[in-house]
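# Architecture at a glance
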Number of protein chains: 2
Amino acid sequence: MVGGARAAARCDVLGRAPYSEFEHGLYRGYLTPAHHTTLDLVGAWMVEAGMHVDLDPAANLLGRYEGQNPGAPALVIGSHLDSVRDGGRYDGPLGVLLGIECVAALNDQQRRLPFAIEVYGFGDEEGSRFPAAMLTSRAVAGTLDGDLARIADADGVSLAAALASFKTDYDVVTASTPTRRLDLKTFEAARRSPGDIVGYLEAHIEQGPVLEAEGLALGIVTGIAAQLRYAVTLRGAAGHAGTSSMPLRRDALAGAAEMVLAVEQVARRDASDLVATVGKFEAAPGAANVIAGEVRFSIDIRAGEAARRDRAAKAIEEKLELLASQRGLVLDLALVHDLPASPCDAALMQLLESAMAEAGQPLRRLVSGAGHDAMVMSALCPAAMLFIRCKDGVSHNPAEHVEPGDADVALEVMLGFIERLNRKVLGESLADRT
Amino acid sequence: MVGGARAAARCDVLGRAPYSEFEHGLYRGYLTPAHHTTLDLVGAWMVEAGMHVDLDPAANLLGRYEGQNPGAPALVIGSHLDSVRDGGRYDGPLGVLLGIECVAALNDQQRRLPFAIEVYGFGDEEGSRFPAAMLTSRAVAGTLDGDLARIADADGVSLAAALASFKTDYDVVTASTPTRRLDLKTFEAARRSPGDIVGYLEAHIEQGPVLEAEGLALGIVTGIAAQLRYAVTLRGAAGHAGTSSMPLRRDALAGAAEMVLAVEQVARRDASDLVATVGKFEAAPGAANVIAGEVRFSIDIRAGEAARRDRAAKAIEEKLELLASQRGLVLDLALVHDLPASPCDAALMQLLESAMAEAGQPLRRLVSGAGHDAMVMSALCPAAMLFIRCKDGVSHNPAEHVEPGDADVALEVMLGFIERLNRKVLGESLADRT
């Protein structure tokens with residue numbers, strides 16, 4: 001077996017012990033023993049594909065396939081190796097393994113390009129062990145914030161201690177001499193210079209149902225959605241369910257129900273990539289014979305463009321205020337997150353689109369509602385992202401599934417992308433000479 | 001101070017230690033030390049009002065004011081002496097103390113009637129200590145079910161042990177010889193014979209906002225509402241809040257929100273005494289970035305007539321099934337309670353109404369949405385019930401409040417009721433003679 005189907009099959013191999021902390025089901029946390037064994041195996045696959053393999057100071061696995069000239073800037077292909085608890089096998093590793101397949105295909109043909117290809121297996125994207133997500137791509141992009149020394153896992157093990165006790169079989173590349181030890185002090189030395197990188201490409205399962213519903217294997221991500229998150233508290237009057245007549249009630253739960261539907265309606269009416277969700281909803285006191293006096297709920301709003309998102313948020317805010325006043329309820333609406341959109345690079349998207357067309361794939365652009373390493377890397381270099389259909393839109397779940405045939409098509413498009421990038425770089429260097 | 005205002009003031013006295021288990025706030029559980037001190041004080045007030053006082057085998061305080069002939073059947077006036085934790089001062093005791101005031105008024109005039117008056121201070125109505133409500137009025141009515149020997153409080157103290165260790169200063173009246181000890185074996189000897197009782201009258205705070213909203217001091221209870229309780233489970237599909245487009249969602253929370261509003265709308269449209277409430281509502285997994293895959297909620301429906309209640313329940317069931325099918329959700333609707341209505345006695349209600357009219361009180365009939373000892377006693381004898389306005393409809397709360405003036409009016413109506421019952425009994429006995 002070769003190509004995309006092999007990449008998918010290798011995800012299945014990584015879905016069990018010793019590559020999972022669980023015997024049944026998958027959990028691969030950052031800097032756990034399962035992470036260690038996974039680095040060994042994936043690193044071996046990288047070597048087999050013709051790459052030189054190191055670990056970077058943030059415990060990212062880094063394979064490099066040299067270009068025609070040693071030290072050339074690299075196209076980086078990457079995704080993450082960690083998983084959530086009881087997660088799926090393809091979320092992350094599939095993108096890493098497809099990167100390895102790209103290199104394997106070039107290596108089979110003994111082809112070297114004017115740029116190197118590097119494959120990153122990021123150590124942490126999910127916040128799989130520490131309460132901070134995308135720690136390791138942020139180290140690469142140089143966008144870490146906060147005090148790393150204060151980060152500790154649920155058992156109280158600090159990031160510093162976890163790094164120090166992680167025995168690696170690879171050289172750890174730092175600015176100074178190589179070592180076989182990880183150290184929080186050098187964590188940020190994982191940072192790369194923009195001049196070293198041509199661009200970033202990530203293939204990832206969609207984690208949503210859109211491609212499947214439209215019968216498409218692939219989609220081109222136009223960007224990571226801009227997101228707003230609200231925490232809402234709605235106060236009415238608690239009362240006895242038997243003794244409070246209907247007209248005299250100030251039922252916070254019924255009021256909140258109207259608000260849930262208002263949120264949904266605003267998003268539906270937009271009929272775009274905009275989504276809005278009430279996912280958390282808690283009624284107090286929460287007894288069958290007591291009218292709820294208080295409800296707390298979340299609102300999550302995302303769209304490809306911040307302007308669209310903000311128009312919807314304004315419409316939702318106005319509607320909620322109206323609904324609260326109609327029922328004599330007290331509304332408290334607190335904005336808790338405001339994340340800007342991260343658009344993908346237009347030039348790289350064009351290369352992907354052209355490769356899609358050549359592979360006979362209908363063109364489908366979509367916004368990613370979830371965050372990915374590509375969003376982080378876009379701060380460092382031009383980034384592009386390819387979504388692969390997943391069964392029933394299910395992810396973060398053992399039932400997560402990708403068809404091997406879809407992985408094959410994804411690989412074909414990624415290779416087409418590399419071919420086009422090659423022509424573009426050659427064209428540009430020709431242009432430079434004239 | 002005399003009369004209704006004194007009864008209300010005495011409730012305030014009973015609202016503190018040593019009549020409460022708490023120093024600040026009120027908790028008077030069945031067979032607790034606070035219950036014991038309360039029996040001593042309320043019993044003393046009964047004696048002062050001219051009654052003979054005993055404890056019955058269920059630890060109900062029982063004062064008797066003889067009629068013209070010793071051993072005559074009695075009008076029973078009662079309510080409960082126990083409270084919920086952090087409860088209000090009037091819920092229960094006010095009805096007992098108003099009963100004592102009725103007797104005190106007759107005793108002041110040295111009047112004896114063709115029937116005796118008995119005042120019951122029931123030991124347990126709230127389920128204040130053991131996980132079983134109205135234990136002691138059910139003992140009197142002879143409607144206990146289940147195995148009393150298995151009942152224990154949260155600390156594992158059995159009802160049997162609590163009874164055995166309760167030192168009483170009163171004679172405990174059983175069928176055999178009086179004793180000063182309580183015993184689970186004789187608990188059911190609290191049962192009374194219908195022939196001993198003319199009727200049952202209970203005054204109680206409304207525990208709802210209706211009377212206050214209409215500017216009325218009193219209301220006549222037509223019955224305890226018939227009640228249905230459902231446990232509803234609604235299943236959709238969990239999904240990522242960012243990656244699932246609006247048209248493809250099967251959002252259990254949004255579906256449940258529609259159902260909450262449907263329940264409310266059916267009850268509002270009925271524009272009667274019918275009430276319907278969703279008070280418990282739990283969404284899973286309950287995270288801001290995850291579309292809810294499952295929601296569990298309660299539906300509580302009550303109305304004076306079972307037929308009205310059942311029509312509403314049918315309309316709600318049909319609407320919920322329609323809403324579930326429109327959204328592709330799986331609905332599971334389980335009936336968990338079906339309690340029949342307990343109508344008050346028509347003849348006794350007429351006497352109350354006539355007394356209300358004489359007292360210049362507008363006539364307002366209402367259904368009691370909550371259960372009361374009167375509901376239990378109606379299995380034994382004709383029962384009637386008077387509701388007294390409470391501030392803001394608040395009960396089971398330290399803020400519970402009754403205006404002394406309202407208690408005065410309640411006493412006036414209760415005395416008018418006794419007067420009318422007297423005339424009725426005299427008329428009947430005259431009729432017997434002709």
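What counts, and where the lines are drawn
Residues numbered from 1 in each chain as written. Chains lettered and ligands numbered in written order. Predicted model: local features only at pLDDT ≥ 70, side-chain atom pairs only at ≥ 80, totals over all residues. Heavy atoms only, no water. Contact = heavy atoms within 4.5 Å. Buried area = accessible area lost by both parts, 1.4 Å probe. Salt bridge = Lys/Arg side-chain N within 4 Å of Asp/Glu carboxyl O. Polar contact = N/O pair within 3.5 Å; in protein donor to acceptor, adjacent residues only side chain to side chain. Helix = DSSP H or I, 4+ residues; strand = E, 2+ residues; numbered from the N terminus. Nonpolar A, V, L, I, M, F, W, Y, C, P; charged D, E, K, R; others polar. pLDDT = per-residue confidence, 0-100. Buried < 20%, exposed > 50% of the residue type's maximum accessible area, 1.4 Å probe, protein only. Pairing = 2+ DSSP bridges. Least-squares fit on C-alpha atoms with pLDDT ≥ 70 in both. Axes fitted to C-alpha atoms, helices over the stretch in contact; angles between N-to-C directions. Parallel < 35°, antiparallel > 145°, perpendicular 65-115°, else oblique. Left-handed = near helix turned anticlockwise from the far one by under 90°. Domains from an automatic or database assignment.

On to the interface of chain B and chain A, then. At the junction of the two partners, chain B supplies 46 residues and chain A supplies 46 residues. A buried area of about 3,800 Å², summed over both sides, lies between chain B and chain A, and 65% of it is on carbon and sulfur atoms. Together, T243, M246 and A288 of chain B form the three largest contributors to the area buried by chain B at its contact with chain A, with a combined 16%. For R327 of chain B, the salt bridge identified is with E264 of chain A, shortest N-O distance 2.6 Å. One can count ten residue pairs in polar contact (both at pLDDT 80 or more) joining chain B with chain A. Of all the elements, helix α7 (residues 252-270) of chain B adds the most residues to the side of chain B that touches chain A, at nine residues. Residues of the side of chain B that touches chain A, tallied by class, amount to 23 nonpolar, 13 polar and ten charged.

What follows concerns the confidence of the model for chain A. Averaged over chain A, the pLDDT score is 94; the fraction of residues at 70 or greater is 99%. Scoring the predicted complex yields pTM 0.76 and, for the interface, ipTM 0.76.

Attention now moves to the pairing of strand β2 (residues 61-65) of chain B. Residue and element names in this part refer to chain B. The buried fraction of β2 amounts to five of the five residues, a majority that puts the element mostly inside the structure. Of the two faces of β2, the one carrying L61, G63 and Y65 and the one carrying L62 and R64 are both buried. As defined by bridge partners, strand β1 (residues 52-55) adjoins β2 across four bridges and the pair is classed as antiparallel. Pairing of V53 across the sheet is with G63, part of β2. Where β1 folds back onto β2 in an antiparallel hairpin, the turn is made up of five residues, including A59, whose phi is positive at roughly 65 degrees. One ladder, built from five bridges, connects β2 with strand β4 (residues 116-122); its direction is antiparallel. Bridge assignment links G63 to a residue of β4, and that residue is V119.

Residues and elements named next belong to chain A. Within the secondary structure layout, E126 lies in the loop between β4 (116-122) and α4 (135-141). Separated by 272 residues in the primary sequence, E126 and P398 place their C-alpha atoms 16 Å from one another. Non-local contacts of E126, meaning those with residues more than four positions away in its chain, are made with H80, D82, S83, V84, D91, A133 and H396. Within the local environment of E126, its side chain forms a polar contact with the side chain of H396, the two groups lying 3.3 Å apart.

The transformation that overlays chain B on chain A combines an axial shift of 0.2 Å with a rotation of 179 degrees, and the residual RMSD is 0.2 Å. The operation mapping one copy onto its partner corresponds to a two-fold rotation axis. Among all residues of chain B, the one whose C-alpha sits closest to the rotation axis is A257 of chain B, at a distance of 2.2 Å. The overlap is high: 100% of the interface residues of chain B also sit at the interface in chain A, so the same surface is used on both sides.

Residues and elements named next belong to chain A. For the pair helix α7 (residues 252-270) and helix α8 (residues 306-327), the least separation of the axes is 9 Å and the interaxial angle reads 155 degrees. Comparing the axis directions of α7 and α8 gives the class roughly antiparallel. As α7 runs across α8, the sense of the crossing is right-handed. Note on element contacts: α8 touches α7 through R308, A312, A315, I316, K319, L320, L323, A324 and R327, opposite A254, G255, E258, M259, A262, V263, V266 and D270.

All names here are of chain A. Its domain assignment divides chain A into domain 1 (3-225 + 341-433) and domain 2 (226-339). Contacts between domain 1 and domain 2 engage six residues on the former and seven residues on the latter. Both faces considered, domain 1 and domain 2 share a buried interface measuring about 430 Å² in area, 59% of it formed by carbon and sulfur atoms. If you sort the residues of domain 1 by the area they bury against domain 2, A225, A341 and V367 come out on top, with a joint share of 80%. Inspection of the domain 1/domain 2 interface yields zero salt bridges. Looking at the side of domain 1 that touches domain 2, its residues break down into five nonpolar, one polar and no charged.

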